[in-house]
Structures are given as C-alpha cells and as structure tokens.
Amino acid sequence: MNRSVRSWLLCLAVVTAGCGGRAPFWSEFVQTGPLTFNLVTTLAIVDAPANRVALLTPGSGQTLTTTFVPVGTGVLNAATSADGKTLFVASAGHRARLGDARPTEVPSITVVSADGSAQRYDLMNLTDPLGGMAVDPGGHWLVLYPSTETSQPAVQNPNELLVIDLTQPSGPVMAAPHTLMSFGGHPQRFTFTAPLHLPASVGDQSLLIVESDQGLSLLQLRVDMTLPEITVPLTSGSTTQLLSPAGIAVNAGDSTHGACLGVRLANDHDVVTLQFVPNVDAHGAPVGNGFLPTVNLNDVGGVASDIAFVNTDSGLRLAALVPSLKKATLIDPTTSLRTDVALPAPYQNLSVVTNALGTAGSCDNATAAPTVVSDVALLWNGSSIQGQEGVAFWELGQTGCQSYRSIDTVGVTDVVAAVLNVPTPNDRLKVLQTRNATTFYILNLANRTAAPLQTSTSDVSLSISPLGDQVWSYVAYGETVSATDLGHQLLPRSLLIERPVSGVYEVARAADNPAVVILHDQGGIGATVYDAKTLDDTTRRLYGGLLLGGSP
Amino acid sequence: MIRTGVSAALALTLASAVARAQAPAEPTPTLDWNQVPAPPPAAAGPPRWMLAAGVRTLYIKGAGYDPFSSDDAFVQFSLTGTGAVVRRDELSLAAGVGLDVGASSAHARGSATDLHMTRVSALVEGRYQPASRLYFFARLAPGLLHGSAQIDDASSPAGATMQATFDTFAVDLGAGAALRLGTVARPQIRAWLVADGGYGWASAQSLLLSPSLGSDSNKAGSLDLGSLAPRGGFFRVALALSYD
C-alpha cells in the first residue's frame, strides 16, 4: 500500500469515526427482578441502574401509561407507606473523584406518590449512606439503619440510626443521628407502634421499638432526638445467658388499662411482658421520657413460637403458643398469672380474627349476644413438618353456642405456610397458602369451612385482590395465571399468558374497574394487562420494553 | 458498536480506485502514437458529467439517536451523479441526484437496536474552478428521507422485534472542493477527490415502536423511544469520475 493510499484511508477513518457520546443510561442493563410495588392506582418499578422509578398506570382499554420519576443516584432500598400509596426510595448519592464529570450528590430519600409527584430530601450531614429503612405507618418518620444486604461503608456502627422527619419541607435536610445503647447487640427488627396509652404524665405517644439480638430499645422520636432511649437488656434471672427477642406483640391500652408489650424469646422458655409506670420527680414533672417499663418474665415451659394480645372473658391476656408442649398459655400482663390451654396439634402461629368474623361467630341457635367481647383466634402452624397440618379456631370466651376456650379444628390436610387476609367485603375469608402441596384453601370464618383449590404444581404464588373479590395464583416464571372468584362460586378462571410471569398486581382504575398487570422481567420488562373483572382475552394488551423509554 | 460495513467496503473501494488511478499505464506496443490524433485539450471550466461515491457522516446530537449509537455519528454510503447544465468560463451550474444509505447498530440497556436511513435527493450545485486541478462548489440537495428503527427486546410480545418506520422531507446545504487526481484510461475521464461539509436537516420523528403481530397488532402497546431528529452537521469524502 503506497503512501497516498494510506493517507486517504487515514482521512476516511477520521471522518467516519464518531464523536460525542450518549447518556450513560443507555449502557446500563435492565435489572432482572427489580423491586416492584403496587401503589394502589399504579405499579411502581424501581429502575435502580437508571436511578429512577417507573410508574405504570393502567387506563381504559388496558392502556398502560409509563411515567418516570428520577430518584437519587445509587438506589439502596425502597419501601411503601402503610397505606401502600407512597413509595420511599433511599439513595446513596455520588462522591465525585478528581476529573469526574458527575457532580457530587449527597445521600437522599425520594418520596414518590402514585400520581407521579415526588419530594426529595437531601441528607446533608451524611457521607456514607445507610441501606436499611423503616417507615412510620403514621407517615411522620423514616428511620435509616445499617443493612448487611446492600453495599455499606467499610466501617459502620450497627447501632446507628438516622431519623428523618417526613413532615418537614423537602430539599436539603439534616437527619437526626442516634446511636442505640448497646451491650454488644445488633438491631434486628423495627416496629413503629400506634399511639400507646402511657402514664398520664406522658399521654398517648407512639414509640419506635427496636429489637436487637440482646434486648429492646424504646424511643420516642423527636426532630432533635433529645429524649433518651429506654434500653431493656434481656437476661435470664438464673443464668448469664443473653436472651434474644424473636418477636413482639403490642397492646395500645385504653382507659381501663395502660399499654403493654409482650416479647417472645428465641432461646428461652420465658415470655416477657412490659408495662409502663410514671417516671416523675417530686413535683410531678416528667423525668426523661416520663415513664419506665416494668419487666416480668413468664415461664411458659417451652420456646414460644407466636404471641398475641387477646381479649378473653377474664380480660386482656397475652397468648403464647408453645408447640413443643402442644399448648397455649394465657398470661395476665398485670399479675403474670398463667393459664395453660391444651391444643390438639402443635400449632405455631395464631391470628386474631374477631374483627373479620363480625357477628358470624355466633351460631344459628344463639339467643343472646355475649356481654363480654372475647376474641377468636385462628391457629395454624406454618411448619414444614407433615402431620402438623391443619388450622383451628380458638374461642377465647363464651361466644354464642361455643364452649369456653374451645378449640374447633378445620380439616385442612396440608401444611399451612401462610394465612393471607382478604379485604372487605370478603374479610370473613382467609386464604391458606400451603407449603409443598398442590392445594390452597379458602377458609370461611363464618361457617368454618375450608374449600380446597387444586393447583398443577406446588410452586404457586398467591396475591389477594385489593377489592377482596379475587385471589390471583401464578407460577413464578411459568406462564400460568388464574383468578379465583371469592364470591359464592369460588370459580377459577385462567388467563392467556404468553411470556414468563414474574409478578401479578391488581391495580385500581376509575369506576371501580380494576386492571391486573402481569409483569414479565426476562430480557427486559414487559407486561400483559387484563381487565380484572372480565378477564377477556380479546381486550388484553401486551407491552414490551417498558424500561427502555423515557431517556433522561 | 457496528459502524456498518459500508465504511470498510467503501474504504477498500476508494483505495482500489485510487490505486488504479495512480498506477502507471500499461504499455500498448501495437499503438503508434504518431498515427493517433492528439487528445483534446483539457476542457476549460468545471467538468460536465460527474459520478461520485463516498462516505457521508452525519453528526446527530439529539438524545433520540442515543439508543442506536454509542456516539453521535451516523455513517452512510453516498452516491451522487451530476451534469453541468450551464458552463461559462470557470463557472458552471450542475444538477443531479443523490443517494445516501446507512445504518447504525447498538445496544440500548442490553437490547439490540438498529436504525436504517435512506435518503434520495435532487441536487443543484454551483461550481467555480480557479485552477485546472481544483474547483469549489456549493450544493443544495432537497430530498426524501426514509428511516426504520427497530429494537430486539425479549420482553416484547411473542418475542417479536419492535419497529417503526418514517418518511420525511430532508435537505442538505453544503459546500466543498474537488481536487483533480489525474486522468483515468482516457483523457476525457478524470478522477477527483471531493470533500464537502454542511448541514443536513430533517424534521423530528416520534419513535413509537410496535411489534409486528399482524392482525393482532391492536393487542400490543407501543414503546415510546422519544423523538429522533436526524439532522446535524455532515462531512463527506468521495472519489469521483468526471467525463467531458
């Protein structure tokens, strides 16, 4: 090749070479299995690689409108509010290195509403973000805490909390830091309580209860976090063994009795009850939080698998299930008196279903309404052990024709893994999800029957219609989706699905006409949208590449 | 990023043509130069007929092009044919037609994308030749642009490719120069290196991509990739042959 030809080729190479570039967004792959939330009227998909949330809103004719809401760089976590209508996204931000074209961005919280509006709180006093997030059901507070599941700084304080007041205006804000008093423990669970009926000097207050692996911490959240926390280390009275909480139950109290807490332990036979007494000075002024807990240890003979406060005709009791002894123990939180109730099976879980029952608990020949409102609890096991299957109703008082504290078993022959609540108007129903079985059950609390529904595989996922009229069943990454009517017929209907299913979400539309959005997340994000009422194949619409649009 | 095979093929074509243009003429022993009439003198003024083939690179700055390329360049094979309709001294006015064909491929968030654009244009060109081996020109080229965009996303219905096509008016306005390289085979046929640049305009197109599902197309939603504005500055290098 002579010199002239080389020169011309070089010239061509120069002019054909591109210049400029494109937004980094296009080089980020779509994430498989993104965090997805049903925000009642829209479906939110956290598109973490693109630092945004996609809101999929079904409209008439099964149209699907996609709106993109930008969030902070480096999504760490996301969670919804208690009513499910608001999404909170925690982002790590970005620290610009030398020569970095991207500017520095502080960690942030983005609050995304179902209508697409967003507020962003830039946490100005943070360098290293925290990935754990707990949201106050009241919508006032958001707490960040260290998480082992997301990328975290090299050195972290596991007892560090960052409290953010969500009622303040968005923009640059300061998170209130707080370090839990620790005796070597690590926080495990966070519970925001409803307002508790605390001693008169305090009044009704919500608390944040932090369960660590060695005790409890009780906090009254304040913007400046000036109130001291109350730490309750849990130790056995007879040994030096550290006791680990495995779950709590909260009773808010009322005018007749104060608030109380129950704590079951993972490694001890005791169940702990806490009540609250005033903490005031000689003049009656509150000291510290204005209250102190009194702690009682109640030996129930075995490790309690579940606890709940129940109303019996003898008053408020803390019910603890002890499957190793096939019994339940009722504990008076005031006197710590205990009453054992033998159970026909080693039930491991209980749910109070009194409200769902309404008047349905009364039998046909009941002639008088009960004078004391006593609870009915649903017992189920959640065990993977065959032979421990079944559910039972536990009457905690004289109700209609039922005898005192009777156990009424229901003939469910599979291991129950979860009990799913059904919203009004079918709240008398519960859906029993089984484990390793090709059946799920529709439990009718009113007539205490359990209708079985057979499935082609044991790997069935269930979700309940927000309107309470259908239960959706599908096989993850299969092409099977069915809707079972929760009315009188329990009639299953299948949908025509042509791509692997990653999730099924019923989303409200106008005029009480919901749509169901079936997501497909393999090779991108796609969706099939049906009218959730008619389930008409001919009006369904299919969508693909849902996260490819809306370039920044 | 595939910058299409057009570039490479064209480079080879040009290189080959240039090599031919510069290669020494093969001896023709049977030809008696004394008995052959002398070749006509080089025509004064710009060439009468010209056919040019080259590479046109359009720089599309708009974000709508981002899914289809990792940079802003859109490269096309460019073919033009012109004929002088008016010649006076070193000035001339030429008219002709042009064809620009090209494609760009990329990956958008992991999904393969393709954009094809073909432009057919009529052109009017004014030329000024201050020297026998060099002339300058200015060109106006209105035309029709046909484009097709597609994306292969496995989440699309039935795994089908989603695509969209568009047709729109387009116009190039540019100027350049041509340098005569020499004669080819016969004195009337000359080789030129032509370079020009300017601005290519076309109206923005909304890219709503849909899968091809035939009679079931009403069951599928569209993917909105935003607006593609296939316009921007361009630069072209071509090798041309002229005939007088």
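Definitions and cut-offs
Along every chain, residues carry numbers that run from 1 in the direction the sequence is written. To label them, take the chains in the order written and letter them from A, then take the ligands in the order written and number them from 1. Local features in a predicted model are, by the rule used here, given only for residues with pLDDT of at least 70; side-chain atom pairs are given and counted only at 80 or more, and totals for whole chains, interfaces and linings are based on all residues. Hydrogens and water molecules were not included; the side-chain quantities draw on all heavy atoms of the structure. Counting from the N terminus, the helices are DSSP H or I runs at least four residues long and the strands are E runs at least two residues long. Burial classification: accessible surface area is computed with a 1.4 Å probe over protein chains only, and a residue below 20% of its type maximum counts as buried, one above 50% as exposed, and the rest as partly exposed. Using a 1.4 Å probe, the Shrake-Rupley method yields the accessible areas, and only the shown protein chains count as cover for residues. Residues with no salt bridge and a relative accessible area higher than 30% make up the patches, which join like charges within 9 Å and nonpolar side chains (Val, Leu, Ile, Met, Phe, Trp, Tyr) within 5 Å. By definition, a salt bridge exists where a carboxyl oxygen of Asp or Glu is found within 4 Å of a side-chain nitrogen of Lys or Arg. Confidence of the predictor at the level of single residues is captured by pLDDT, which takes values from 0 to 100. Contacts are assigned to residue pairs with any non-hydrogen atoms lying within 4.5 Å of each other. For Phe, Tyr and Trp, rings pair up if their centres lie within 6.5 Å, where Trp contributes its six-membered ring, and each pair is then called stacked (planes under 30 degrees apart), edge-to-face (over 60) or tilted (otherwise). The rule is short: NZ of Lys or CZ of Arg within 6 Å of the ring centre and within 35 degrees of the ring normal puts a charge over the ring. Any two strands with at least two DSSP-identified bridges between them are counted as paired. To define axes, lines are fitted to C-alpha atoms, for helices over the stretch in contact only, and angles between the resulting N-to-C directions are given on a 0 to 180 degree scale. By nonpolar core is meant a set of buried Ala, Val, Leu, Ile, Met, Phe, Trp, Tyr and Cys residues that side-chain atoms within 4.5 Å join together.

Another point: the overall build of chain B. A count of helices and strands for chain B gives one helix and ten strands. Listing each helix as α and each strand as β along chain B from the N terminus yields α-β-β-β-β-β-β-β-β-β-β. Across the 244 residues of chain B, 47% fall into the buried class.

The next point concerns the overall build of chain A. Check the secondary structure of chain A and you find two helices and 43 strands. In chain A, buried positions account for 52% of the 552 residues. Counting only carbon and sulfur atoms, one obtains 52% of the accessible surface of chain A, whose full area is about 23,400 Å².

This part takes up a nonpolar patch on the surface. Residues B:Leu51, B:Leu79, B:Leu99, B:Val101 and B:Val120 make up a contiguous nonpolar surface patch of about 370 Å² in total accessible area. Note on placement: B:Val101 falls in strand β3 (residues 91-108).

Further remarks concern the confidence of the model for chain B. Residue and element names in this part refer to chain B. Per-chain confidence: chain B averages 84 in pLDDT, with 82% of residues scoring 70 or above. The low-confidence segment residues 1-29, where pLDDT is below 50, has 40 contacts with residues more than four positions distant or belonging to other chains. Confidence metrics for the complex model read pTM 0.84 and ipTM 0.77.

The tally for this structure, following the rule as stated, stands at six aromatic pairs over all chains. Taking the centre distance of 4.7 Å and the plane angle of 75 degrees together, the rings of A:Phe25 and A:Trp26 count as edge-to-face. Grouping residues by exposure puts A:Phe25 and A:Trp26 together as buried. Look at B:Tyr65 and B:Phe74: their rings are 6.2 Å apart centre to centre, the planes differ by 75 degrees, and that puts the pair in the edge-to-face class. For B:Tyr65, a relative accessible area of 0% gives the class buried. Ring pairing ties together the aromatic residues B:Tyr135, B:Phe137 and B:Trp192, which thus form one cluster. Note that A:Arg52 overlies the ring of A:Phe68, its terminal NZ or CZ placed 3.7 Å from the centroid.

Moving on, we get to the pairing of strand β8 (residues 205-211) of chain B. All names here are of chain B. Side chains of β8 alternate between two faces, with Gln205, Leu207, Leu209 and Pro211 buried and Ser206, Leu208 and Ser210 left unburied. Pairing of strand β6 (residues 162-184) with β8 involves two bridges; the strand directions are antiparallel. Bridge assignment links Met162 to a residue of β8, and that residue is Pro211. Here β8 runs beside strand β9 (residues 223-228); their pairing, made up of four bridges, is antiparallel. Its bridge partner being in β9, Ser206 is matched across the sheet by Ser227.

Attention now moves to the sheet that holds strand β27 (residues 338-342) of chain A. All names here are of chain A. Spatially, four strands are ordered β24-β25-β26-β27 in an open sheet, and the strand pairing comes out antiparallel. For this open sheet the edge positions go to β24 (306-312) and β27, each flanked by a neighbour on one side alone. Recorded for the sheet is a direction-independent mean angle of 30 degrees between the axes of neighbouring strands. Looking at chain direction, strand β25 (residues 315-322) and strand β26 (residues 327-331) are connected through five bridges and run antiparallel. Residue pairing in the sheet places Ala320 in a bridge with Thr329 of β26.

This part takes up the pattern of salt bridges. Residues and elements named next belong to chain A. Taken as a whole, this structure holds 24 salt bridges over all chains when the rule is applied. Across the pair Arg317 and Asp332 runs a salt bridge, and its minimum N-O distance is 3.5 Å. Note that Arg317 is positioned in strand β25 and Asp332 in the loop between β26 and β27, a separation of 15 residues in sequence. For the pair formed by Arg317 and Asp332, the shared burial category is buried.

What follows covers unusual backbone geometry. All names here are of chain A. Here the amide bond leading from Thr424 into Pro425 is cis, since omega sits at 15 degrees, within 30 degrees of zero. By the element assignment, Pro425 lies in the loop between β32 (416-421) and β33 (429-434). Of note in this structure, Arg448 is not a glycine but carries a positive phi near 60 degrees. In this fold, Arg448 is placed in the loop between β34 (439-444) and β35 (449-454).

Let us now look at the nonpolar core. One finds A:Leu519, B:Leu115, B:Leu207, B:Leu209 and B:Leu225 to be the most contacted residues of the largest nonpolar core, which totals 43 residues. Examining the composition of this core, we find that four residues originate from one element, β6(B), more than from any other. Ignoring any residue separated from it by four or fewer positions in sequence, one finds B:Leu225 in contact with A:Trp26, A:Leu548, A:Gly549, B:Pro67, B:Phe68, B:Leu207 and B:Leu209. Membership of the second largest hydrophobic core comes to 19 residues, among which are A:Leu207, A:Leu234, A:Val272 and A:Leu274.

Our focus in this paragraph is the side chain of B:Asp66. Summarising the element assignment, B:Asp66 is placed in the loop between β1 (49-59) and β2 (73-88). If we ignore the near neighbours within four places in the chain, the residues touching B:Asp66 are A:Gly21, A:Arg22, A:Ala23, A:Trp26 and B:Asp72.

All names here are of chain A. Examined against the element boundaries, Thr191 turns out to sit in strand β14 (residues 187-192). Residue classification places Thr191 among the partly exposed residues on the basis of a relative accessible area of 24%. Thr191 sits 20 residues away from Gly171 along the chain, and the two C-alpha atoms are 27 Å apart. Setting aside residues no more than four positions away along its own chain, Thr191 makes contact with Leu207, Leu208, Ile209, Glu211 and Ile248.

Turning our attention to the environment of A:Leu297. Of note, A:Leu297 is situated in strand β23 (residues 286-299). Its relative accessible area of 37% is what places A:Leu297 among the partly exposed residues.

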